[in-house]
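Next come the chains, spelled out residue by residue.
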Amino acid sequence: MFWNDQRNIISKLTFQRVWNVLNLRWSYFLAKRLKHIKCSGLPFAASIEPTTACNLGCPECPSGLKQFTRPTGKLDLDLHDKMLDQLGKQLFYINYYFQGEPFLHPQFLDLIIAANKRKIYTATSTNAHFITKDKATEIVNSGLDRMIISIDGLTQDTYEQYRRQGKLEKVLEGTKNIVQAKKDLKSRTPHLIFQFLVVKPNEHEVDDVFKLGKEMEIDEVRLKTAQLYDYENGNPLMPSNEKYARYKKNKQGKFVPKYHLKDHCWRMWSSTVLTWDGKVVPCCFDKDAKHVLGDVTKTPFKQVWSHPQYQAFRKQVFTDRKTIDICQNCSEGTEVWA
């Protein structure tokens with residue numbers, strides 16, 4: 001099943017897309033080794049935000065807590081078409097998720113269909129509360145390539161410790177619906193992933209979530225560490241088992257991030273993030289869009305990508321990353337693209 005997904009990704013590749021990635025890799029190498037901060041090429045991946053609205057109230061999520069300083073809204077279809085035009089033909093992966101619950105956008109699957117027509121690999125992340133039988137059929141027919149389902153607990157009690165206002169039974173029902181729709185339509189997509197955010201209330205269920213994934217015929221199960229905003233003196237959500245946490249206790253008895261923050265980041269070359277209203281931000285850690293680097297409703301994306309403001313942000317990442325607030329709690333400190 002994993003290899004089916006890999007073959008699907010490969011099928012989206014074109015000479016232009018491969019050549020663009022090679023240019024990105026070379027210019028990234030020069031940036032790391034020689035501090036020559038110039039990005040040759042355009043991003044091959046993007047996150048596009050369908051909506052900031054969410055039905056849940058997760059305690060470490062600004063969307064769930066309704067604590068955004070930026071407005072809540074949903075992506076206009078015409079603006080979405082403009083985004084796809086501006087991002088370019090070299091783009092071959094879009095994650096239709098940033099903040100919020102994508103399926104609260106009434107025309108969410110129209111976004112997927114539009115990208116699918118351009119042979120772009122599409123993914124999304126959902127709490128699965130809105131996947132009825134009919135919606136599951138529409139999802140499969142849309143051509144969505146990957147769906148991450150956040151489960152985060154195997155009983156209602158453990159689930160709602162983090163997914164507040166959520167119902168585990170809805171997650172399981174939605175999962176069953178999409179699995180059955182794939183069977184009915186004889187489709188290999190979307191590739192289904194159970195994502196289990198490991199926190200203290202559910203860490204004892206880690207082994208069982210893999211069993212459940214197999215029983216429900218999920219393609220893949222992934223564990224995810226929780227990003228906590230208040231962690232220095234510990235946090236009720238922090239797992240007891242350190243291997244499931246992003247933080248470790250230092251000699252002074254304080255908790256600090258486990259990841260060594262290095263002065264480089266592949267994301268500044270490989271991808272970009274667009275909010276529902278057209279703002280361009282550097283990565284998914286900028287949840288409240290504090291570092292707006294451009295606006296595609298006013299400036300073409302290619303100009304934003306190469307603008308001195310974007311270049312200055314990249315330079316800061318490569319020279320003094322620890323001073324950037326959104327980087328300080330980042331789990332991408334050690335990366336495979338080294």
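Residues numbered from 1 in each chain as written. Predicted model: local features only at pLDDT ≥ 70, side-chain atom pairs only at ≥ 80, totals over all residues. Heavy atoms only, no water.

Novice: Just to check I follow, could you spell out the confidence of the model for the protein for this structure?
Specialist: Parts of the prediction with low pLDDT should not have their coordinates interpreted in detail. Of the residues in the protein, 96% have a pLDDT of 70 or more, and the chain-wide mean is 93. Across residues 333–338 the pLDDT falls below 50, and counting only partners more than four positions away or on other chains, this stretch makes 16 contacts in the model. (pLDDT = per-residue confidence, 0-100. Contact = heavy atoms within 4.5 Å.)

Novice: I keep staring at the state of the cysteines and nothing clicks. Help me out?
Specialist: Each disulfide is one covalent bond, formed between the sulfur atoms of two cysteines. Enumeration according to the criterion identifies zero disulfides in this entry. In this model Cys 39 remains outside any disulfide bridge; the closest cysteine sulfur is found in Cys 265, 12 Å from its own. In this structure Cys 39 comes out as buried when scored by relative accessible area, which is 14%. Here Cys 54 is not cross-linked by a disulfide; its sulfur's nearest cysteine counterpart is in Cys 58, at 6.1 Å. You can call Cys 54 buried: its relative accessible area is 19%. (Disulfide = S-S within 2.5 Å. Buried < 20%, exposed > 50% of the residue type's maximum accessible area, 1.4 Å probe, protein only.)

Novice: Help me understand the sheet that holds strand β11 (residues 294–295), please; the structure alone is not making it clear to me.
Specialist: The mixed open sheet is built from nine strands, whose spatial order is β6-β5-β4-β3-β2-β1-β9-β10-β11. The sheet terminates laterally at β6 (220–225) and β11, the two strands that pair on one side only. With three bridges connecting them, strand β2 (residues 93–95) and strand β3 (residues 121–126) associate as parallel partners. Residue pairing in the sheet places Tyr 93 in a bridge with Tyr 121 of β3. Strands β1 (45–48), β2 and β9 (271–274) of the sheet are contacted by helix α3 (residues 77–87), whose axis makes an angle of about 165 degrees with β1. (Pairing = 2+ DSSP bridges. Helix = DSSP H or I, 4+ residues; strand = E, 2+ residues; numbered from the N terminus. Axes fitted to C-alpha atoms, helices over the stretch in contact; angles between N-to-C directions.)

Novice: Help me out: how do you make sense of empty space enclosed by the protein in this one?
Specialist: To find leftover empty space, a probe the size of one water molecule is rolled over the atoms. In the structure shown here, the tally under the stated rule is one cavity of 30 Å³ or more. In this structure, the largest cavity spans a volume of roughly 70 Å³. For the largest cavity, the full set of lining residues is Cys 265, Arg 267, Met 268, Cys 283, Phe 285, Phe 313, Val 317, Arg 321, Cys 327 and Cys 330. Listing elements by their share of the lining of the largest cavity, those giving two or more residues are α9 (267–270) and α11 (308–320). (1 Å grid on protein atoms, 1.4 Å probe; cavity = no way out; pocket = protein on both sides within 12 Å on 5 of 7 lines; lining within 4 Å. Points joined across faces, edges and corners; volume = space filled by probe spheres on them.)

Novice: In this structure, what is going on with the layout of surface pockets? I would like to understand it.
Specialist: Approximately 430 Å³ is the volume attributed to the second largest pocket. Forming the walls of the second largest pocket are 19 residues, and the residues nearest its centre are Gln 227, Tyr 229, Phe 285, Lys 290 and Ile 326. Classifying every residue of the lining of the second largest pocket by side-chain character gives nine nonpolar, four polar and six charged. (Nonpolar A, V, L, I, M, F, W, Y, C, P; charged D, E, K, R; others polar.)

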